[in-house]
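Coordinates in review
The chain contents come next:
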Amino acid sequence: MSDLKSNKNVLLFYWRHASRYPKLLWGMIITIPLAVLFNNFLPTFVTSQILNRLASGDFVKGDLWGSFGKDILLAVGLALLGGVIIWRINIYCNWKLEGYVMRDIYQRVFDHLMRLSSTFHANNFGGSLVSQTNKLASSYVRITDTTMFQAWILLWSLIFTNIILWSRAPQFVLALDGFTLLYIMVAFAVTKHIRALNTLEADAGNKQTGELADSITNVMAIKSFSSAASEAEHFAKTTEKARMAIVDVMNATLRVQFGFSVIGTIIFGAAILLAVASVVVYDAAVATVFLVFTYTAIITDNLWQFSTSALRNYNRAFGDAQAMTDILALEPGIKDPEQPEPVRMHKGAITFRDMSFSHPESDDDGGLFQKLNLEIKAGEKIGLVGHSGSGKTTLTKLLLRFNDIDSGDIIIDGQNITAVTQDDLRSRIAYIPQEPLLFHRSIRENIAYGKPDATDEEIHEAARKAYAHEFIDKLPKGYETLVGERGVKLSGGQRQRVVIARAILKDAPILVLDEATSALDSESEKYIQAALLELMQKRTAIVIAHRLSTVQKMDRILVLDNGEITEQGSHKELIAKKGTYATLWAHQSGGFIED
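Attention in this report is confined to the structure presented alongside it. Computed from a predicted structure; not experimentally measured.

**Looking at helix 10 (residues 286–328)**
Approximately 40 degrees is the largest bend angle found in helix 10, and it occurs at Phe-306. Here helix 10 lies mainly inside the structure; 32 of its 43 residues are buried.

In structure tokens:
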């Protein structure tokens, strides 16, 4: 995407969010020219009239207040109106608008990231996404402040200079306009390279944040492998690249600023020359000379701020905002239907009909599943076994619509899963993954995530069924205990029992367990197995297991191999067949399938 198109997308994104609050937006836009006029230009104009009367002797000697009192009060009153009242209104509008827009931007990004596919999140650092989100929000502030308080002020300063001085010094006005236009054109041209460097700097910063977050998340792995030194060396290279990116921007900026300072000095010198010449050669009024000096100083200062601070802010802001605006332009891989049907999935009968699917990253033209057909009755308990890569977890993710199939249908209770919203579909499925997913919140909140309006009694009952209540009750803060990021303050078995309690509380007609008991010790597993079997009685259950003892009591066990069902039946039936399942059972060590 070209820089121009990318910057346009960023500006449109910010404008759409700011324009939701027109009163604040237009209040900010309108008050700035009024503040500039009343604070900078009109007091200066009144002062020029005072100077003109002083130069011409048009005053009563000894009578300061009688000669100039009204003019002094007018100048001070105008300055107070512009600098105190109008500017405060502007700041109020700006801050209030900023709060609304930043809130909306964070919510917009959050909603969009939640809708993007699991593949997207697997390919992107969580830390980098957080960094990009923060930069997108802060770039709004940078761009808005720069536009309003530098670019917008420069424009209106030039307009008021033209209006006030055109009748007094038209040649000067034309020369100033020409210098200003040329200055701005040169400024944009020579800073194009800096804009590209700012994008590289933002990318380097995002990578640095992402790697830092990744290392913090996996700190126990780093410690257990004694790899802190090598990780530090790796991260040092990343931080050095980020530092060098900043240095490249700094060097380029300093070179440009040197050129602009020379041009600004030339403009000011030319203004002095024209002003003096107008008095000496053309006998211009002192008031006009004063206005030329003052307004030129205002314009020159604004141009200097624009070429150094404003363009630097723009370059950095556009560079920072680009990554997340590009992500916001991505279409979610999994979409809800435009007119979703009311959900009718209450019993849990599941049908995979002529289903084909290939992993997006796979080079296998044949795909993992080819026209798979499978019927699961409502309330039936299904066990899925097979070596790693056979398709067990993928099958459940397709059922949950974490990925879309290539062809065929997945139907629950006669309703295609693509006909309802993803939220409606997943509200009918209690999913317990192999890796327990906990928030850095209290145990109560984590369990109640399956039913946000659950009572304490319901939460405690779910914990009892998951054999979690006993260990929770012994914690110093009980159910109010914070579990830490991803639940690190709990043991693996404790985390899994909290997740199982959450699924019990959700009370969905379909239960999907992906190695749900793998983190439990033998004693805990015995109790959890009993709890899960009780939970499954009125539900359709799909249980993935490497530990075959987990699926022994299932109504039917499916053996998957490269996406195909090679065997199915009860535990006893499959043992009697002496096929793949019997071989896996015989080769188990400690109850797990040997890969």
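**Concerning the side chain of Thr-540**
The residue Thr-540 is located in strand 8 (residues 540–544) in this model. Of the residues examined, Thr-540 reaches a relative accessible area of 0% and is grouped as buried. A polar contact is formed between the side chain of Thr-540 and the backbone oxygen of Gly-348, at a distance of 2.7 Å. Those residues within four positions of Thr-540 in sequence are excluded, and the remaining contacts are Lys-347, Gly-348, Ala-349, Ile-350, Ile-376, Lys-377, Ala-378, Gly-379, Glu-380, Pro-509, Ile-510 and Leu-511.

**Notes on the sheet that holds strand 9 (residues 556–561)**
Taking strand neighbours across the sheet as the criterion, the six strands line up as 6-7-8-3-9-10 in an open arrangement whose pairing is mixed. Each edge of the sheet is formed by a strand with only one pairing partner; in this case those strands are strand 6 (429–432) and strand 10 (564–569). Taking each pair of neighbouring strands and ignoring which way they run, the sheet shows an average axis angle of 15 degrees. Lying over the sheet, helix 11 (residues 392–399) contacts strand 3 (381–385), strand 6, strand 7 (510–514), strand 8 and strand 9, oriented at roughly 145 degrees with respect to strand 8.

**So, the sheet that holds strand 5 (residues 415–416)**
The strands making up a sheet associate through hydrogen bonds between their backbones, and the pairing can be parallel or antiparallel. Reading across from one edge, 2-1-4-5 is the order of the four strands in this open sheet, with antiparallel pairing throughout. A strand with exactly one partner marks an edge of an open sheet, and here the two such strands are strand 2 (369–376) and strand 5. With two bridges joining them, strand 4 (residues 407–412) and strand 5 adopt antiparallel strand pairing. Across the sheet, the residue bridging to Ile-411 is Asn-416, located in strand 5.

**Digging into the packing of helix 14 (residues 456–465) against helix 16 (residues 492–506)**
Following both chains from N to C, one finds helix 14 and helix 16 inclined at 125 degrees, their axes separated by 8 Å at the closest point. If you check the angle between helix 14 and helix 16, you find them oblique. Classified by chirality, the crossing of helix 16 by helix 14 is right-handed. In this structure, helix 14 contributes Glu-458, Ile-459, Ala-462, Ala-463 and Lys-465 to the contact, and helix 16 contributes Ala-501, Ile-504 and Leu-505. Split by residue class, the contact of helix 14 with helix 16 holds six nonpolar, no polar and two charged.

Thresholds, definitions, all that
Residues numbered from 1 in each chain as written. Predicted model: local features only at pLDDT ≥ 70, side-chain atom pairs only at ≥ 80, totals over all residues. Heavy atoms only, no water. Bend = angle between axes of the 7 residues up to and from the residue. Helix = DSSP H or I, 4+ residues; strand = E, 2+ residues; numbered from the N terminus. Buried < 20%, exposed > 50% of the residue type's maximum accessible area, 1.4 Å probe, protein only. Polar contact = N/O pair within 3.5 Å; in protein donor to acceptor, adjacent residues only side chain to side chain. Contact = heavy atoms within 4.5 Å. Pairing = 2+ DSSP bridges. Axes fitted to C-alpha atoms, helices over the stretch in contact; angles between N-to-C directions. Parallel < 35°, antiparallel > 145°, perpendicular 65-115°, else oblique. Left-handed = near helix turned anticlockwise from the far one by under 90°. Nonpolar A, V, L, I, M, F, W, Y, C, P; charged D, E, K, R; others polar.

Such coordinate-based values are descriptive only and should not be taken to indicate function.
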